[in-house]
Amino acid sequence: MVPALLSTLFLLAQAASPRPPAAPAAPSPRPTPASTEYRIGPGDVLEVTVFGNEDLSRTTTVQPSGAVTLALLGEVQVAGLTVPEVKARVTSMLGRDFLVNPQVEVAIKEYQSQFVTIIGEVNTPGRKPLRGRTRLVDALIEAGGFTPRASGELTISRPGGFEGGQSTMRLRLGGETMTPQEQIALELPLRTGDIVTASAKQYVTVEGEVSRPNRYTLEADLTVSAAISMAGGLTKYGSSDVRVRRVNPATGAVEILKVDLKDVRKGKELDPLLQPNDVVSVARRLF
């Protein structure tokens, strides 16, 4: 079952695929001021406007040195600064030596210095630029939402680690309604270098003497008895002796687990958790 928690993302993804042919490119709109939290870096393209002095206005790219070149001022170091800080620096430099009360506006025209990578079951995986304060949900929408194969499980890997020292964060988004914890998770601000992986669904197979033998999505903490219930329960010929065929992904060796459903119900035996690609076989009862 496709997770319902991000129905908005799924709708966006479905609406975007297949996409109609692109319309002819329109003139680029004037860039809007960036979030104060975004730190400018090499590759970003800035638009610097000096009102009343159009000859001083420039569209300029931040160089590997971290500087931009502006009329009268020459090279100005901007890497690591926010847009308001760049504005204040340029205004101060112009007012100190060249203009009286200069009116300066700075905006980011192109974001080219900071990226996150979205891989896995999204419609448009790849490297996505950070634009100001980019949240996890923003990046998922930028990636076109989930594919129908997505499980709702996300892994975020961060160079340098998260607070607390862990290098990865795992989230599971699912259910008919979004929980407060899921809403908080989707608000997570991303940082440059983050890798977000959207995992695919995993399956188990239930066969033999059950009402609906089939392949079923492996949900979190799915047990043998729960999988049999998903398959409609035992037929009138179904035995309580169940076998689980499991292939060790590391070695390829086949393991057989034996489960007695009667002992599970009585609490005499644990109800084993299933793993991806397990095959649950219910034998025919011998009379």
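Each remark here, short or long, concerns the structure printed above.
As the structure is a prediction and not an experimental result, all values here were calculated from the model.

Rules used throughout
All chains use their own residue numbering, which begins from 1 and follows the written sequence. Per-residue local features of the predicted model are confined to residues with pLDDT of at least 70, and side-chain atom pairs are confined, for both listing and counting, to 80 or more; whole-chain, interface and lining totals are unaffected and use all residues. Processing note: side-chain calculations cover all non-hydrogen atoms of the structure and skip hydrogens and water entirely. Any carboxyl oxygen of Asp or Glu within 4 Å of a side-chain nitrogen of Lys or Arg constitutes a salt bridge here. Under the scheme used here, helices are H or I runs from DSSP no shorter than 4 residues and strands are E runs no shorter than 2 residues, and both carry numbers assigned from the N terminus. Here the term patch refers to residues with relative accessible area over 30% and no salt bridge, with like charges joined within 9 Å and nonpolar side chains (Val, Leu, Ile, Met, Phe, Trp, Tyr) within 5 Å. Computed with the Shrake-Rupley method and a 1.4 Å probe, the accessible areas treat only the protein chains shown as cover for residues. Paired strands are those between which DSSP finds at least two bridges. Throughout, an axis means a line fitted to C-alpha atoms (over the contacting stretch in the case of helices), and angles, computed between N-to-C directions, take values from 0 to 180 degrees. In this scheme Phe, Tyr and Trp rings, the latter by its six-membered ring, pair at centre separations within 6.5 Å, and the angle between planes marks the pair as stacked below 30 degrees, edge-to-face above 60, and tilted otherwise. Summary of the burial criterion: residues with accessible area below 20% of their type's maximum are buried, those above 50% are exposed, and those between are partly exposed, where the area comes from a 1.4 Å probe applied to protein chains only. For a lysine, the NZ atom is tested; for an arginine, the CZ atom; a charge sits over a ring if that atom is within 6 Å of the ring centre and within 35 degrees of the ring normal.

So what's going on with the pattern of salt bridges? Residues and values would help.
Across all of its chains, the model carries 12 salt bridges by this definition. Between Asp194 and Arg158 there is a salt bridge; the shortest N-O distance is 2.7 Å. Of this pair, Asp194 sits in the loop between helix H4 (180–186) and strand S10 (195–200) while Arg158 is found in the loop between strand S8 (150–157) and strand S9 (168–172), placing the two residues 36 residues apart along the sequence. Bridged by salt links that share partners, the residues Arg135, Asp138 and Glu187 form one connected network.

Give me a nonpolar patch on the surface: which residues, what numbers.
On the surface, Val247, Val254 and Ile256 cluster together into a nonpolar patch covering about 240 Å² of accessible area. Mapped onto the secondary structure, Val247 falls in strand S13 (residues 238–247).

A description of the sheet that holds S10 should follow, citing residues and the corresponding values.
Taken together, five strands build an open sheet; the order of strands is S7-S6-S10-S8-S9 and the sheet is mixed. Of all the strands in the sheet, the pair left with one neighbour each is strand S7 (126–129) and S9. Strand-to-strand twist in this sheet, taken as the mean axis angle between neighbours without regard to direction, amounts to 20°.

Before we move on, could you go through the packing of aromatic side chains and cite the residues and values that matter?
Considering all chains together, one arrives at one aromatic pair under this definition. Between Tyr38 and Tyr111 the ring centres are 5.0 Å apart and the planes differ by 85°, which places this aromatic pair in the edge-to-face class. Of the two residues, Tyr38 sits in the loop between helix H1 (7–16) and strand S1 (45–50) while Tyr111 sits in the loop between strand S5 (104–110) and strand S6 (115–120), which places them 73 residues apart along the sequence. Like Tyr38, the residue Tyr111 is buried in the burial classification. Sitting above the plane of the Phe115 ring, Arg127 keeps its charged end 3.7 Å from the centroid.

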